[in-house]
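# Structural features, examined
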Amino acid sequence: MTALTHDTSRTTTGLALAVASAASFGLSGVLARGLLDTGWSAGATVALRIAIAAAVLVVPGVLALRGRWHLVRTNAGVIGVYGVAAVAGAQLCYFYAVSYMQVSVALLLEYTAPVAVVVWLWLRHGHRPSAVTLLGAGIAAAGLVLVLDVVSGAELSAVGVLWALGAMVGAATYFIISADEDNGLPGITLAAGGLLVGGVVLLAAGLSGLLPFRASTADAVYDGRAVAWWIPVVALGLVTAAFSYVTGIAAGRRLGSRLASFVALGEVLAAVIWAWLLLDELPRGVQLAGGVLVLVGVVVVKLGEGRTPLVAEPLPDDELEVSERPAA
């Protein structure tokens, strides 16, 4: 009974962290929109966002190691892949995708990542999804289509689809690596290392001309209210990057990559809500219905998991280390 209660508590905590991560990730597009409208380039916005997050997390990440630098040396490859694919790659591919196709379609393709996670767990670890899990995946996917309002029809670009699928690979990498505890890296250290690597990659892309860098000191406008440019910039770094990655990793280590990736679909619903609150873009009834379907799909996926082991088992009793707790 005690073990069951403890597992339930961990799952509840994991779900809360996953929702918080999805909600904060979902805010990034809305905050960036205010900057982009004043002349900021997507590359400069993303690079500064990641740089701020890396600067905030590098000290806590080092402290969390407690002198165990061998963990960084032995996991240099993991941190590198996380930074290149899950941080820099996913965002670069997504922004290139939206230059060829509608934003909603690109986002929908990127968020097929949970399906990729299920397939990876099946092929790599033998975790064959149950019929209930597949049903939940289908329900969540249908809900996502409604949330993104893709049903109205859109033209697809082959190049855009390839970039969006690249973003999907990056997102799937994020969920899989975040949920893996076997490497021994504290979650906040993985986040700090990945953001640092991702920031360097984006900076290199900017300096090489691959990614246009433009910035502006003009005020950003949200729902008719002007705010200084640095406010959304700081919020992008602290809230939508540092906080989001730390809570996302902590959630993945409690829920496993499969369930965490499906709960993360809530990011799309969160983006719709944030757009409503800050940009006065009201969601349509079909989008709200889609949001309900996404939540139902997540619940069904959880029911379909049963006792099937995931990539990572729940964390030990110490739960989230003090050094991993998001700062206010």
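Along each chain, the written sequence defines residue order, and numbers are assigned to residues from 1. A pLDDT threshold of at least 70 governs which residues receive local features in this predicted model, and a stricter bar of 80 or more applies before side-chain atom pairs are shown or counted, although totals over entire chains, interfaces and linings include all residues. Neither water nor hydrogens contribute to the side-chain values; these are computed over all heavy atoms in the structure.

Another point: the packing of aromatic side chains. Note on aromatic contacts: the rings of Phe and Tyr and the six-membered ring of Trp form a pair at centre separations within 6.5 Å, being stacked when their planes are under 30 degrees apart, edge-to-face when over 60 apart, and tilted otherwise. Per the counting criterion, the structure on display carries seven aromatic pairs. Ring centres 6.1 Å apart and planes at 90 degrees place the aromatic pair phenylalanine 25 and tyrosine 174 in the edge-to-face group. Linking phenylalanine 25 in helix H1 (residues 2–36) with tyrosine 174 in helix H8 (residues 158–178), this pair joins segments that are 149 residues apart in sequence. As far as burial versus exposure is concerned, phenylalanine 25 and tyrosine 174 are alike and both buried. Plain terms: the ring middles of tyrosine 174 and tyrosine 245 are 5.7 Å apart, the flat faces sit at 85 degrees to each other, and that makes the pair edge-to-face. With a gap of 71 residues between them, tyrosine 174 in helix H8 and tyrosine 245 in helix H10 (residues 230–263) connect regions that are remote in the sequence. Burial classification: accessible surface area is computed with a 1.4 Å probe over protein chains only, and a residue below 20% of its type maximum counts as buried, one above 50% as exposed, and the rest as partly exposed. Note on tyrosine 174: relative accessible area 9%, which makes it buried. Aromatic ring contacts, followed pair by pair, group Phe25, Tyr82, Tyr174, Phe175 and Tyr245 into a single cluster. Going along the chain from the N terminus, every DSSP run of H or I of four or more residues is numbered as a helix, and every run of E of two or more is numbered as a strand.

Tracing the chain through its elements places alanine 179 in the loop between H8 and helix H9 (187–207). When its relative accessible area of 0% is taken as the criterion, alanine 179 is described as buried.

The predictor reports its confidence for every residue as pLDDT, a score running from 0 up to 100. On average, residues of the protein score 80 in pLDDT, and 85% of them are at 70 or above. Note on contacts: a residue pair qualifies if any of its non-hydrogen atoms lie within 4.5 Å across the two residues. A low-confidence stretch, residues 307–328 stays under pLDDT 50, and its non-local contacts, those more than four residues away or across chains, total 47 contacts.

With respect to the element layout, threonine 247 can be found in helix H10. Counted as a polar contact is a pair of N or O atoms within 3.5 Å, where, for protein atoms, one must be capable of donating a hydrogen and the other of accepting one, and residues adjacent in sequence contribute only when both atoms are in side chains. One polar contact links the side chain of threonine 247 to the main-chain carbonyl oxygen of serine 244, over a distance of 3.2 Å.

This paragraph deals with the environment of threonine 173. If you trace the backbone, threonine 173 turns up in helix H8. Assessed through its relative accessible area of 15%, threonine 173 is described here as buried. C-alpha of threonine 173 to C-alpha of tyrosine 82: the two residues are 91 residues apart in sequence and 7.0 Å apart in space. In this view, threonine 173 contacts Val81, Ala85 and Ala86; residues no more than four positions away in its chain are not counted.

Let us look at the pattern of salt bridges. Here a salt bridge means any side-chain nitrogen of Lys or Arg lying within 4 Å of a carboxyl oxygen belonging to Asp or Glu. Scanning the entire structure with this criterion turns up one salt bridge. For aspartate 37, the salt bridge is made with arginine 33, and the minimal N-O distance between the two is 3.7 Å. With a relative accessible area of 58%, aspartate 37 lands in the exposed category.

Let's shift gears to the packing of helix H2 (residues 42–65) against H9. Between H2 and H9, the least distance of the axes is 7 Å, while the angle of their chain directions is 145 degrees. Relative to H9, the crossing made by H2 is left-handed. Contacts between H2 and H9 involve Val46, Ala47, Ile50, Ala53, Ala54, Leu57, Val58, Pro60, Gly61, Ala64 and Leu65 from the former and Ile188, Thr189, Ala191, Ala192, Leu195, Leu196, Gly198, Gly199 and Leu202 from the latter. Residues are sorted three ways: Asp, Glu, Lys and Arg are charged, Ala, Val, Leu, Ile, Met, Phe, Trp, Tyr, Cys and Pro are nonpolar, and all the rest, Gly among them, are polar. A per-class count over the contact of H2 with H9 returns 16 nonpolar, four polar and no charged. In this analysis, axes come from line fits to C-alpha atoms, helices being fitted only over the stretch in contact, and the angle between any two N-to-C directions falls in the range 0 to 180 degrees. Handedness of a helix crossing follows the sense of rotation of the near helix relative to the far helix, less than a right angle counterclockwise being left-handed and clockwise being right-handed.

Patches were defined on residues exceeding 30% relative accessible area and lacking a salt bridge, with like-charge contacts within 9 Å and nonpolar side-chain contacts (Val, Leu, Ile, Met, Phe, Trp, Tyr) within 5 Å. Residue burial considers only the protein chains on display, and all accessible areas are found by Shrake-Rupley using a 1.4 Å probe. On the surface, a nonpolar cluster with roughly 460 Å² of combined accessible area is contributed by Val56, Trp230, Ile231, Val234, Leu238 and Val239. Of note, valine 239 is situated in helix H10.

Attention shifts here to the nonpolar core. Remark: nonpolar core denotes a set of buried residues (Ala, Val, Leu, Ile, Met, Phe, Trp, Tyr, Cys) joined through side-chain atoms within 4.5 Å. Leu57, Tyr82, Leu195, Leu202 and Tyr245 are the most contacted members of the largest nonpolar core, which totals 41 residues. The set of elements that each furnish at least two residues to this core consists of H2, helix H4 (76–97), helix H6 (113–125), H8, H9 and H10. When residues in this core are grouped by element, the largest group, eight residues, is from H2. Grouped together as the second largest cluster of nonpolar side chains are 31 residues, Leu17, Ala106, Val268 and Val301 included.

Here we take up unusual backbone geometry. Positioned with a positive phi, arginine 66 is a non-glycine residue whose angle comes to about 55 degrees. Tracing the chain through its elements places arginine 66 in the loop between H2 and helix H3 (70–74). Positive phi values are uncommon outside glycine, yet aspartate 223 reaches one of about 50 degrees. Topologically, aspartate 223 is positioned in the loop between strand S1 (220–222) and strand S2 (225–227).

Moving on to helix H11 (residues 266–279). Here H11 contains 14 residues, and its C-alpha end-to-end distance of 19 Å stays within 8% of the 20 Å for a straight helix at 1.5 Å per residue. Every buried residue of H11 is listed here: Gly266, Glu267, Val268, Leu269, Ala270, Val272, Ala275 and Leu279. Downstream of H11 by one or two residues, aspartate 280 has phi in the positive range, about 60 degrees. Expected helix span is computed as 1.5 Å times (number of residues minus one).

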